[in-house]
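Notes for the structure review
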Amino acid sequence: MDHIWVRIILMLFGSVGASSAQAAVDSYRFAHVTISTPWYIFIFLLMGVFAPFVIMAVLAWRNAIRKSDREVADADHKHSVK
């Protein structure tokens, strides 16, 4: 029974100390929002949206080059006899 009271008292002291720390975290002191912040967000999202399209274009270009090299190699090996 004594252990329960000790736990309750420790929890009360802990909650009193946590309320002041939570108030400090919720303030704008940690988040410096300036006029350039929306631009940083825009550039970050722009890279995230356009990166798959750039990768898709590079892979399509690479596949087209590989396909044309394969067709040239096949044309060199197959001589048509008439």
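Given the structure is predicted, the values throughout are model-derived calculations rather than measurements.

Thresholds applied
- Residues numbered from 1 in each chain as written.
- Predicted model: local features only at pLDDT ≥ 70, side-chain atom pairs only at ≥ 80, totals over all residues.
- Heavy atoms only, no water.
- Helix = DSSP H or I, 4+ residues; strand = E, 2+ residues; numbered from the N terminus.
- Buried < 20%, exposed > 50% of the residue type's maximum accessible area, 1.4 Å probe, protein only.
- Areas by Shrake-Rupley, 256 points an atom, 1.4 Å probe, with all protein chains shown as cover.
- Expected span 1.5 Å × (residues − 1).
- Bend = angle between axes of the 7 residues up to and from the residue.
- Polar contact = N/O pair within 3.5 Å; in protein donor to acceptor, adjacent residues only side chain to side chain.
- Phe/Tyr/Trp six-rings, centres within 6.5 Å; stacked < 30°, edge-to-face > 60°.
- Patch = residues over 30% accessible without salt bridge, like charges linked within 9 Å, V, L, I, M, F, W, Y side chains within 5 Å.
- Salt bridge = Lys/Arg side-chain N within 4 Å of Asp/Glu carboxyl O.
- Lys, Arg positive; Asp, Glu negative; His and termini not counted.
- Charge placed at Lys NZ, Arg CZ, Asp CG, Glu CD.

A few words on the overall build of the protein. Looking only at helices and strands, one finds 2 helices and 0 strands in the protein. Counting all 82 residues of the protein, 0% fall into the buried class. In the form shown here, the protein has an accessible surface area of approximately 8200 Å², with 73% of it arising from carbon and sulfur atoms.

Before going further, it helps to examine helix α2 (residues 37-77). The end-to-end C-alpha separation of α2 is 60 Å, in line with the 60 Å expected for 41 residues at 1.5 Å each. Where α2 bends most, the angle comes to about 35°, and this point is Phe 50, followed within four residues by the proline Pro 52.

What follows covers the environment of Ser 68. Mapped onto the fold, Ser 68 is located in helix α2. Of note is the side chain of Ser 68, whose polar atom sits 2.9 Å from the backbone oxygen of Ile 65.

On to the packing of aromatic side chains, then. Tallying each qualifying case throughout the model produces 2 aromatic pairs. Ring plane angle 90° and centroid distance 6.0 Å describe the contact between Trp 39 and Phe 42, whose orientation is recorded as edge-to-face. Here the residue Trp 39 and the residue Phe 42 both occupy positions in helix α2, the gap between them amounting to 3 residues, near one helical turn. With relative accessibility at 56%, the residue Trp 39 sits in the exposed group. When its relative accessible area of 44% is taken as the criterion, Phe 42 is described as partly exposed. Aromatic side chains Phe 50 and Phe 53 sit 6.4 Å apart centroid to centroid with 55° between the ring planes, which places their arrangement in the tilted category. Linking Phe 50 with Phe 53, this pair stays in helix α2, spanning 3 residues, or about one helical turn.

All right, on to a positive patch on the surface then. There is a patch of like positive charges on the surface, built from Arg 62, Arg 66, Lys 67 and Arg 70. Among the secondary structure elements, Arg 66 is positioned in helix α2.

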